[in-house]
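Listed below, chain by chain, are the residues.
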Amino acid sequence: MRVAIIGGGISGLYLAWKLSEKKHDITVFERKKEISNNACSGLFSQRILEFIPESSKLIQNRIDHVLLHFPKKTVKVKFSRDFFVMSHSELDRLVAGLAHRAGAKIILNSNISSVPKEYDRVIGCDGANSFVRKSLRLSEPKYRLGILGFLDNPCSENYVETWPCKNGFTPLEITGQKKKDKKNKSLTGFIWKIPRGKETEYGILANPREAKILLDEFLNKNKIILKRIESKIVPQGFIIPSDPLITLCGDAIGLTKSWSGGGVIWGLTAAGILLKAFPDFLKYKKAMRRFFIPKIILSKVAVKSVYFLGFKMPWFLLKKIRMESDFLVKKGKR
């Protein structure tokens, strides 16, 4: 089949690679002039090796737990699988090379103005502001804003630190004016510190109206000056068309974890489901709903519960939690 993949991010490139291996005629349309993703922390669970074994050579550091610093209690979350720190841009370029060698055509600097019609199937992997999703007149996901930057300080600790934020306050509210972002108020946020080996990364994921203010306040308080600052909109949703010829994958669906905003493993998992169902896009949608909807509901309930307890009743929080790296909380102790 002739297949157009709109978007040269990790999900689109992975699909191009695997579909090309199955001898489909694949063309990837990427709007940027190069394959890159600098506005992502590049923190992936060990599952990344199941999808892309070659990525093992990109590992910069290993993470086995995270510390959640609530105002009156710190919780240690131990991962059932280690996380790897990698360069997201290098990972994307690695997969692009695999796709190219498998026979996929990757067209850079391609600003398409309409969904191509000369293909048997079209897959939208064009991110949070998906052109394909908008062209199908589908609903929009909720959005958070991710901002990150770096310190030159070497840091090879085996844990990540996070400081949960209470969302719902906007810049106008902080200055005394009342204006609420009702659509994104329910989304949780946090500031993070990630040891990347040769450098240290700080960042925030929060309501777009308040992310920069909260991060600046944290950085000023801790006398931290960041370099190479990047930002990116992170979607949260589950939006798949009921179209036999056009579908979506990855961030275009809004498929990111509610607790971290990470979308790579979830996106690759969705790509795996799509590969099994291909070329039946309606079967893909049904399989996606069956697999992801329970996990999305459970994760949202878990995150809201942890944030509520962390800020309102910290004495009820467990001191240690063991967590399945990409999906569920398992067990813990006080």
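Residues numbered from 1 in each chain as written. Predicted model: local features only at pLDDT ≥ 70, side-chain atom pairs only at ≥ 80, totals over all residues. Heavy atoms only, no water.

Student: I keep staring at the environment of tyrosine 307 and nothing clicks. Help me out?
Tutor: Relative to the helices and strands, tyrosine 307 is located in helix H8 (residues 281–312). Residue class for tyrosine 307 comes out buried when judged on its relative accessible area of 13%. Distance in space between the C-alpha atoms of tyrosine 307 and leucine 317 is 9.7 Å, their sequence separation being ten residues. Ignoring any residue separated from it by four or fewer positions in sequence, one finds tyrosine 307 in contact with Phe70, Pro164, Cys165, Thr188, Gly189 and Phe190. Within the local environment of tyrosine 307, its side chain forms a polar contact with the backbone oxygen of glycine 189, the two atoms lying 2.9 Å apart. (Helix = DSSP H or I, 4+ residues; strand = E, 2+ residues; numbered from the N terminus. Buried < 20%, exposed > 50% of the residue type's maximum accessible area, 1.4 Å probe, protein only. Contact = heavy atoms within 4.5 Å. Polar contact = N/O pair within 3.5 Å; in protein donor to acceptor, adjacent residues only side chain to side chain.)

Student: Explain the pairing of strand S11 (residues 200–206) to me, please; I cannot follow it from the model alone.
Tutor: The side chains of a regular strand alternate between both faces of the sheet. Among the seven residues of S11, seven are classified as buried, and the element is accordingly described as predominantly covered. Here S11 shows no split at all, with Thr200, Tyr202, Ile204 and Ala206 on one side and Glu201, Gly203 and Leu205 on the other all buried. Summarising the sheet, strand S10 (residues 189–195) and S11 pair through six bridges and their orientation is antiparallel. By the bridge assignment for S11, isoleucine 194 is matched with glutamate 201. Count of turn residues in the S10/S11 antiparallel hairpin: four residues, of which glycine 197 carries a positive phi of about 85°. (Pairing = 2+ DSSP bridges.)

Student: Looking at this structure, I do not really get the packing of aromatic side chains. What am I missing?
Tutor: The description of an aromatic ring pair uses the distance of the two centres, along with the angle that the planes make with each other. One pass over the full model with this rule turns up 15 aromatic pairs. With a centroid separation of 5.7 Å and an interplanar angle of 85°, the aromatic rings of tyrosine 14 and tryptophan 17 are classed as edge-to-face. Of this pair, tyrosine 14 and tryptophan 17 both sit in helix H1 (residues 10–21), three residues apart, which is roughly one turn of the helix. Tyrosine 14 sits in the buried class, given a relative accessible area of 7%. Judged by centre distance (6.2 Å) and plane angle (85°), the ring pair of phenylalanine 29 and tyrosine 119 falls under edge-to-face. Within this pair, whereas phenylalanine 29 is found in strand S2 (residues 25–29), its partner tyrosine 119 is found in the loop between strand S6 (105–107) and strand S7 (121–124), the two being separated by 90 residues in sequence. Relative accessible area serves as the criterion here: at 14%, tyrosine 119 is assigned to the buried category. An aromatic cluster of at least three residues, connected via ring pairs, comprises Trp259, Trp266, Phe291 and Phe292. One residue, arginine 121, lies across the ring of phenylalanine 281, its end atom 5.8 Å from the ring centre. Of note, arginine 228 hangs over the ring of phenylalanine 150, and the distance from its end group to the ring centre comes to 4.4 Å. (Phe/Tyr/Trp six-rings, centres within 6.5 Å; stacked < 30°, edge-to-face > 60°. Lys NZ or Arg CZ within 6 Å of the ring centre and 35° of its normal.)

Honestly, that's just the spatial picture; any functional story needs more than this.
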